[in-house]
Amino acid sequence: QLEENERVAFSLKNITGERVRVHAHSALEADMSSSQTTIAYLDHLHLMSLSFPATETIIRNLQPVEVPFKGDQNISSSHHRKQNKIATGHDIDLQVPGFLWVRNVSFDKAGKHFIPLVPRSLSIQAKINEDWRLKNALFLLAEVNSVNGGRRLTIMSTFEVVNKTNHPFFLAINPDPRHP
């Protein structure tokens, strides 16, 4: 578990209310001939550090472009010959329980962004496609900002329930989509 004030290059904070699956794109995975990959789990209100291959920014056609850093010891020399296969972006894939994987969530674009969520259940997808209000509600809010010299991606629900009464209450939601 990463502490809130620890200094790391890239970190992910989960405040969705759910335990999420995380897959970080890796140059080492791209170099492997097998289809093995690593999935991590991140609990609600927890932080995790992430690492990506070292890159450097160059100017190509008057545009800044990130390319692999030639001194990165974690990338084999065969990678330098296959530069188009190297993951130079800082992207991850996420999965919230009950939804399909969200691909290529980037650390490179600062600010707040809405990420669409697609339910795994085909019957729920059909219900959502019938009602635009439901479709507009199924988003994940992602915010990339700078924390202690590194980049932090915070993922959260677009909804927040706040109790403004003088007494506690309990909100019960049935996770089974067949129950209203």
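**Observations concerning the overall build of the chain**
Okay, step 1: In terms of helices and strands, the chain carries four helices and eleven strands.
Okay, step 2: The buried share among the 180 residues of the chain stands at 29%.
Okay, step 3: Within the chain, contacts between residues at least 6 apart in sequence are counted, and of these 54% link residues at least 24 apart.
Okay, step 4: Total accessible area on the chain stands at roughly 12,300 Å², and carbon and sulfur atoms take up 52% of it.

**Some points on the pattern of salt bridges**
Okay, step 1: This structure, assessed with the given rule, holds six salt bridges.
Okay, step 2: Salt-bridge contacts for Glu4 lead to Lys13; the nearest nitrogen and oxygen are separated by 3.4 Å.
Okay, step 3: Across the pair Arg152 and Glu4 runs a salt bridge, and its minimum N-O distance is 2.7 Å. Of this pair, Arg152 sits in strand β11 (residues 150-157) while Glu4 sits in the segment before β1 (10-15), and the two are 148 residues apart along the sequence.
Okay, step 4: Overall, the relative accessible area of 5% leaves Arg152 in the buried class.

**Describing a nonpolar patch on the surface**
Okay, step 1: On the surface, a cluster of nonpolar side chains totalling about 450 Å² of accessible area is made up of Val161, Phe169, Leu171 and Ile173.
Okay, step 2: One can find Leu171 in the segment after β11.

**Examining the sheet that holds strand β7 (residues 91-95)**
Okay, step 1: An order of β3-β2-β7-β8 is seen for the four strands of this open sheet, with the pairing classed as antiparallel. Each edge of the open sheet is held by one strand with a lone partner, namely β3 (40-42) and β8 (102-106). Sheet twist, expressed as the average angle between the axes of neighbouring strands with direction ignored, equals 35°.
Okay, step 2: Relative to β3, strand β2 (residues 20-24) is paired through three bridges, and the arrangement is antiparallel. Note that in β3 the partner of Val22 across the bridge is Ala40.

**Here's the deal with the nonpolar core**
Okay, step 1: Counting 23 residues, the largest nonpolar core has Leu12, Val22, Leu50, Ile92, Leu94, Leu153 and Ile155 as its most contacted members.
Okay, step 2: Mapped by element, the contributors of at least two residues to this core are β1, β2, β4 (47-50), β7, β8, β10 (139-147) and β11.

**Side note on the confidence of the model for the chain**
Okay, step 1: With 80% of its residues at a pLDDT of 70 or more, the chain has an overall mean of 81.
Okay, step 2: Of all secondary-structure elements in the chain, the lowest mean pLDDT belongs to helix α2 (residues 77-81), at 45, while strand β9 (residues 111-116) reaches the highest, 94.

**A closer look at the sheet that holds β9**
Okay, step 1: Read from one edge of the open sheet, five strands run β4-β1-β11-β10-β9, paired in mixed fashion. Unpaired on one side and paired on the other, β4 and β9 mark the two borders of the sheet. Averaged over all pairs of adjacent strands, the angle between their axes in this sheet comes to 25°, without regard to strand direction.
Okay, step 2: Pairing of β10 with β11 involves eight bridges; the strand directions are antiparallel. Looking at the pairing, Leu141 lines up with Met156 of β11.

**Some details on the pairing of β1**
On any regular strand, side chains alternate: one points to one face of the sheet, the next to the other face.
Okay, step 1: With five of six residues buried, β1 lies mostly within the body of the structure.
Okay, step 2: Strand direction decides the pairing type here: β1 and β11, joined by six bridges, are parallel. Paired with Lys13 across the two strands is Thr154, which belongs to β11.

Conventions and cut-offs
- Residues numbered from 1 in each chain as written.
- Predicted model: local features only at pLDDT ≥ 70, side-chain atom pairs only at ≥ 80, totals over all residues.
- Heavy atoms only, no water.
- Helix = DSSP H or I, 4+ residues; strand = E, 2+ residues; numbered from the N terminus.
- Buried < 20%, exposed > 50% of the residue type's maximum accessible area, 1.4 Å probe, protein only.
- Contact = heavy atoms within 4.5 Å.
- Areas by Shrake-Rupley, 256 points an atom, 1.4 Å probe, with all protein chains shown as cover.
- Salt bridge = Lys/Arg side-chain N within 4 Å of Asp/Glu carboxyl O.
- Patch = residues over 30% accessible without salt bridge, like charges linked within 9 Å, V, L, I, M, F, W, Y side chains within 5 Å.
- Pairing = 2+ DSSP bridges.
- Axes fitted to C-alpha atoms, helices over the stretch in contact; angles between N-to-C directions.
- Core = buried A, V, L, I, M, F, W, Y, C linked by side-chain atoms within 4.5 Å.
- pLDDT = per-residue confidence, 0-100.

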